[in-house]
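Each chain is listed here by its residues.
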Amino acid sequence: MKVLANDGISKKGVEALEAAGFEVLTTKVAQEQLIDYINKHEIDVLLVRSATTARKELIDACKSLKIIGRGGVGMDNIDVAYAREKGLKVINTPAASSQSVAELVFAHLYGGVRFLHDSNRNMPLEGETKFGSLKKSYAKGVELRGKTLGVIGFGRIGQETAKIALGAGMEVIYHDPFIESSNISLEFFDGRSIDFSFDSVSKEEVLKNADFVTVHVPAQKEYVIGKKELDSMKDGAAIVNAARGGVIDEVALIEALDGGKLSFAALDTFENEPTPAIKVLMNGKVSLTPHIGAATNEAQDRIGTELASQIIEILK
């Protein structure tokens, strides 16, 4: 049987599949050529990340397909219900990248409160001639310890983010209409752990009381955070989106930043990918990464081996 990992797969994932007798192809096939390639090579399993889509046309045209797999959490680039109606298995790896995304959120938060995203832009340009003025510009940083993190969406990634916040000495509040209460075990390197219990509060309460807000929800038809929600946040608060583009209204976000309502924002995902809006990219109050939440070696190894395990279980 043949597996096409069109957006790549880790070496460990390839090794696990090949050990089970699968042929793994890692050729990057252009979207418009994908149907012909799958049919020509009689591909049984199509693995994608966020770059490749698997829509109805592909599902109908590719009769050899038995499984479509998404290396990651969100499956908005796959017509999941339709594929399952047609008898295909659709799989993903919801837990594999949680820690990596959570750590990226805090990379942005720590960078934001100490202006690292802006300092790293300006130091190469002006550090030699305007060192003193730059030092003064970045002299009003704040600590995360003692502040409140508001988490919108308290699934696996939201909970992993909360764990880091707790370890950093922050208070955590969350809103999730599907998870009314949650117990989190914060584990340490020596095997000790501390348990924490949380209850969901309203989104309005989170936005009103949080010093920093991080959003961890699937793609939505409408904005989760729009002008109304941004206006209700604390003056000087900050927000992070490492979930999905379109979760935050970027026009309203830039207005909130330029007007001084928010101190900074951090975006790993964008409304228009792979061509984010120039006003977002050029704003000095936005910390930017190019959708790399799951892009760690450890997460990719977990994604690859988890996909391989599911494929083997289904087809062997």
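Quick summary incoming for the structure in this document. (Residues numbered from 1 in each chain as written. Predicted model: local features only at pLDDT ≥ 70, side-chain atom pairs only at ≥ 80, totals over all residues. Heavy atoms only, no water.)

**Some remarks on the environment of Thr 53**
Step number 1: Along the polypeptide, Thr 53 turns up in the loop between strand E3 (45–48) and helix H3 (56–61).
Step number 2: In this structure Thr 53 comes out as partly exposed when scored by relative accessible area, which is 25%.
Step number 3: The spacing of Thr 53 and Ser 185 is 132 residues in sequence and 36 Å in space, taken between C-alpha atoms.
Step number 4: Those residues within four positions of Thr 53 in sequence are excluded, and the remaining contacts are Gln 31, Leu 34, Leu 58 and Asn 77. (Helix = DSSP H or I, 4+ residues; strand = E, 2+ residues; numbered from the N terminus. Buried < 20%, exposed > 50% of the residue type's maximum accessible area, 1.4 Å probe, protein only. Contact = heavy atoms within 4.5 Å.)

**Comments concerning the sheet that holds strand E7 (residues 171–175)**
Step number 1: If you walk across this open sheet you meet the six strands as E7-E6-E10-E11-E12-E13, and the pairing is parallel. The open sheet has two free edges, formed respectively by E7 and strand E13 (286–288), since each of these has just one partner strand. Here the average twist between neighbouring strands, direction ignored, is 15°. (Pairing = 2+ DSSP bridges. Axes fitted to C-alpha atoms, helices over the stretch in contact; angles between N-to-C directions.)

**Here's the deal with the packing of aromatic side chains**
Step number 1: In total, this model carries five aromatic pairs according to the counting rule given.
Step number 2: The interplanar angle of 55° and the centroid separation of 6.1 Å between the aromatic rings of Phe 106 and Tyr 110 together place this pair among those described as tilted. Here Tyr 110 and Phe 106 lie together in helix H5 (residues 98–113), a separation of four residues that amounts to about one turn.
Step number 3: On the basis of relative accessibility, which here comes to 42%, the residue Tyr 110 falls in the partly exposed class.
Step number 4: Between Phe 154 and Tyr 174 the ring centres are 3.9 Å apart and the planes differ by 10°, which places this aromatic pair in the stacked class. Of this pair, Phe 154 sits in the loop between strand E6 (148–152) and helix H8 (156–167) while Tyr 174 sits in strand E7; the two residues are 20 residues apart in sequence, bridging distant segments of the chain.
Step number 5: Over the ring of Phe 22 we find Lys 316, and its NZ or CZ is 4.9 Å from the ring centre. (Phe/Tyr/Trp six-rings, centres within 6.5 Å; stacked < 30°, edge-to-face > 60°. Lys NZ or Arg CZ within 6 Å of the ring centre and 35° of its normal.)

**A word on the sheet that holds E3**
Step number 1: With parallel pairing, five strands are arranged side by side in an open sheet as E2-E1-E3-E4-E5. Looking at strand neighbours, the two that pair on one side only are strand E2 (23–25) and strand E5 (89–92), the edges of this open sheet. Taking the axes of each pair of neighbouring strands and ignoring which way they run, one obtains an average angle of 20° across the sheet.
Step number 2: Examined bridge by bridge, strand E4 (residues 67–70) and E5 share four bridges and lie parallel to one another.

**Digging into the packing of helix H1 (residues 11–19) against helix H13 (residues 297–315)**
Packed helices, taken two at a time, are described by the angle their axes make and the gap between the axes.
Step number 1: Between H1 and H13, whose axes approach to 7 Å, the crossing angle comes to 20°. Between H1 and H13, the crossing angle belongs to the class labelled roughly parallel. Handedness of the H1/H13 crossing: right-handed. Here H1 contributes Lys 12, Gly 13, Ala 16 and Leu 17 to the contact with H13, which in turn contributes Asp 301, Gly 304, Thr 305, Ala 308, Ile 311 and Ile 312.
Step number 2: Residue classes in the contact of H1 with H13 are distributed as five nonpolar, three polar and two charged. (Parallel < 35°, antiparallel > 145°, perpendicular 65-115°, else oblique. Left-handed = near helix turned anticlockwise from the far one by under 90°. Nonpolar A, V, L, I, M, F, W, Y, C, P; charged D, E, K, R; others polar.)

**Quick word on empty space enclosed by the protein**
Step number 1: This model, assessed by the stated rule, comprises one cavity of 30 Å³ or more.
Step number 2: In terms of lining, the largest cavity is formed by Gly 8, Ile 9, Ser 10, Leu 47, Val 48, Arg 49, Gly 71, Gln 300, Ile 303, Gly 304 and Leu 307.
Step number 3: Going through the elements one at a time, E3 and H13 are the ones with two or more residues in the lining of the largest cavity.
Step number 4: Per-element accounting of the lining of the largest cavity gives the leading share, four residues, to H13.
Step number 5: Taken together, the residues that form the lining of the largest cavity break down as five nonpolar, five polar and one charged. (1 Å grid on protein atoms, 1.4 Å probe; cavity = no way out; pocket = protein on both sides within 12 Å on 5 of 7 lines; lining within 4 Å. Points joined across faces, edges and corners; volume = space filled by probe spheres on them.)

**Observations concerning the nonpolar core**
Step number 1: Val 215, Ile 239, Leu 253 and Leu 262 are the most contacted members of the largest nonpolar core, which has 27 residues in total.
Step number 2: Secondary structure elements with two or more residues in this core: helix H9 (203–209), strand E10 (212–215), strand E11 (237–241), helix H11 (250–258) and strand E12 (262–267).
Step number 3: Here this core takes five residues from H11, the largest share from any one element.
Step number 4: In this view, Val 215 contacts Ile 152, Ile 225, Ile 239, Val 240, Asn 241, Ala 242, Ala 243, Val 247 and Ile 248; residues no more than four positions away in its chain are not counted. (Core = buried A, V, L, I, M, F, W, Y, C linked by side-chain atoms within 4.5 Å.)

**Describing unusual backbone geometry**
Step number 1: The omega torsion of the bond from Glu 273 to Pro 274 falls at 10°, within 30 degrees of zero and hence cis.
Step number 2: One non-glycine residue with positive phi stands out, namely Phe 115, at about 60°.
Step number 3: Among the secondary structure elements, Phe 115 is positioned in the loop between H5 and helix H6 (116–126).
Step number 4: A relative accessible area of 24% means that Phe 115 is categorised as partly exposed.

**Focus on the environment of Phe 270**
Step number 1: The topology assignment puts Phe 270 in the loop between E12 and helix H12 (278–281).
Step number 2: Look at Phe 270 and you get buried, because its relative accessible area is 7%.
Step number 3: Residues Phe 270 and Asp 211, spaced 59 residues apart in sequence, show a C-alpha to C-alpha distance of 22 Å.

**Digging into the layout of surface pockets**
Step number 1: If you add up the space inside the largest pocket, you get close to 1,100 Å³.
Step number 2: In terms of lining, the largest pocket is formed by 43 residues, of which the most central are Val 73, Gly 74, Ile 157, Val 217 and Arg 244.
Step number 3: Elements represented by at least two residues in the lining of the largest pocket include exactly H8 and H13.
Step number 4: A total of three residues in the lining of the largest pocket trace back to one element, the largest contributor, which is H8.
Step number 5: Residues of the lining of the largest pocket, tallied by class, amount to 20 nonpolar, 14 polar and nine charged.
Step number 6: When its volume is computed, the second largest pocket comes out at roughly 550 Å³.
Step number 7: Lining the second largest pocket we find 20 residues, and of these Ser 50, Phe 270, Glu 273, Pro 274 and His 291 sit closest to its centre.

Distances and angles like these do not, on their own, reveal function.
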